Amino acid sequence: MIQGPASLPDLPVLQRARGCARIAVRAEDGATRLSRLYQDGCGKIRLPKAANLEAVLINSAGGVTGGDRLEWAAEAGSGARLTLTSQACERVYRARDGVAEVRTTLTLGDDARVDWLPQETILFDGGGLTRTLDADLAEGAQLLAVEAVILGRTAMDETVRTGCLRDRWRIRREGRLVFADDLRLEGAVADIAVGAPILAGAPAFASMLLVADDAARFLAPVRAALGPLGGASAFDGKLFARVVAPDGFALRRALIPALTVLRDGAPLPRVWST
């Protein structure tokens, strides 16, 4: 008797990472103090001793892959100052199916300031990430945000042939949309990135945004800091820049002085140099 082909066994259900961390701060007696801190799953926050309040975000899962979900949220009350960064570069590993999702929500009260300064995201071949940044600013609030991406590790001669990266920014002031940006690399990433209008083959890039009434005064020094690796423009109380570099080291060498300018001379969090 001829038997039909044996059915393939079902793929095992893989464990997925889930994490959520939220922080709220307030201004009190001339300083910024912690109001609330919430952590769940692999989402952690640590508060190192620093001249100003810094929150270090940690994904204890050690990276993300298809099906993982992370949520970060921060609220700065009126007049408060908060810097958010990450413990290390986030790694997006090859996914069997699906994409990882990371959602960030920032809420700024009157005259508050939040600096969103995560370290670079490294996308590995076959990895997939959908990331959103939503911020709502009250009157007089300031936001500095950066997201940097490295397509594989140059030192390891890695190439991201296929993958998915979707980055969505929505910034509102008093509920009104003042800035929107959508970046997408999906499918044959290596073939897409080689195009001159995209990355011209460069494996490292970043986006920077400052929302502040006096953002335009930083335009000339930011352009000088970025040099030939980036371009910046200022408009309607915003400064936006893109940076493209031949590797992660060159990208960081351009980002650090430019971000220091946008922080009005204040140094970056210590984790950026460790």
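Nothing here was measured: the structure is a model prediction, and the numbers come from that model. The numbers attached to residues start from 1 for each chain and follow its sequence in the written order. This being a predicted model, a pLDDT of at least 70 is required before a residue's local features are given, and a value of 80 or more before pairs of side-chain atoms are given or counted; all residues contribute to the totals for chains, interfaces and linings. Calculation of side-chain values draws on the structure's entire complement of heavy atoms; hydrogens and water are dropped beforehand.

Chemist: Got a sec to walk through the overall build of the protein chain? Specific residues and values, please.
Modeler: Counting its secondary structure elements, the protein chain contains 3 helices and 17 strands. Against the compact-globule benchmark of 19 Å for 274 residues, the protein chain has a radius of gyration of 20 Å, which places it among compact chains. Viewed in the frame of its principal axes, the protein chain has a C-alpha envelope of about 85 × 40 × 40 Å. By element, 52% of the accessible surface of the protein chain is carried by carbon and sulfur atoms, the whole surface being about 13600 Å². Only four residue types enter the tally: Lys and Arg on the positive side, Asp and Glu on the negative side; His and the chain ends are excluded. The location of each charge is read from NZ of Lys, CZ of Arg, CG of Asp or CD of Glu. Averaging the positions of the 34 positive and the 33 negative side-chain charges in the protein chain gives two centres separated by 3 Å. Per the convention used, a helix needs a DSSP run of H or I reaching at least four residues, while a strand needs a run of E reaching at least two, with both numbered from the N terminus. Atoms considered for the radius of gyration are the C-alpha atoms alone. The globule rule reads 2.2 Å times the number of residues to the power 0.38. Note on areas: Shrake-Rupley with a 1.4 Å probe; residue coverage comes only from the protein chains shown.

Chemist: Residues and numbers for helix α2 (residues 219-226), please.
Modeler: Buried means the residue's accessible area, taken with a 1.4 Å probe over protein chains only, is under 20% of the maximum for its type, while exposed means over 50%, and partly exposed covers the values in between. For α2, every residue scored as buried is listed here: L219, V222 and L226. Down the axis, α2 shows its buried residues gathered within 65° of arc, on one side only. Seen from the open side of α2, the exposed residues pointing more than 90 degrees away from its buried face are A220 and A224. By the convention used here, residues are in contact when the closest approach between their heavy atoms is within 4.5 Å. On the buried face of α2, the contacting elements are β15 (204-211), β16 (230-235), β17 (238-245) and α3 (248-262). G227, located one to two residues past α2, shows a positive phi value of around 60°. Summarising the geometry, the arc corresponds to the directions from the helix axis toward the C-beta atoms.

Chemist: Outline a negative patch on the surface, listing residues and values.
Modeler: A cluster of acidic residues, D110, D111, D136, E139, E174 and D213, forms a negative patch on the protein surface. With respect to the element layout, D111 can be found in the loop between β8 (100-108) and β9 (113-117). Patch building starts from residues that exceed 30% relative accessible area and form no salt bridge, then joins like charges within 9 Å and nonpolar side chains (Val, Leu, Ile, Met, Phe, Trp, Tyr) within 5 Å. Salt bridge criterion: a side-chain nitrogen from Lys or Arg within 4 Å of a carboxyl oxygen from Asp or Glu.

Chemist: So what's going on with the pairing of strand β3 (residues 43-46)? Which residues, and what values?
Modeler: A one-sided burial pattern is seen for β3, the buried positions being G43 and I45 and the unburied ones K44 and R46. Pairing between strands is defined by DSSP: at least two bridges between them are needed. By the bridge criterion, 4 bridges tie β3 to strand β4 (residues 54-59) in an arrangement that is antiparallel. Bridging across to β4, K44 finds its partner in I58.

Chemist: Quick rundown of the pairing of β15? Include the residues and the values.
Modeler: Consecutive side chains along a regular strand alternate between the two faces of the sheet. Of all 8 residues that make up β15, 8 are buried, and the element is covered over most of its length. Going residue by residue along β15, you find A204, A206, M208 and L210 tucked away on one face and F205, S207, L209 and V211 tucked away on the opposite face as well. Relative to β15, strand β12 (residues 142-151) is paired through 8 bridges, and the arrangement is antiparallel. Across the sheet, residue V149 finds its bridge partner in β15, namely F205. Judged from the 8 bridges that link them, β15 and β17 form a sheet pairing that is antiparallel. Looking at β17, one finds that L210 is bridged to L239.

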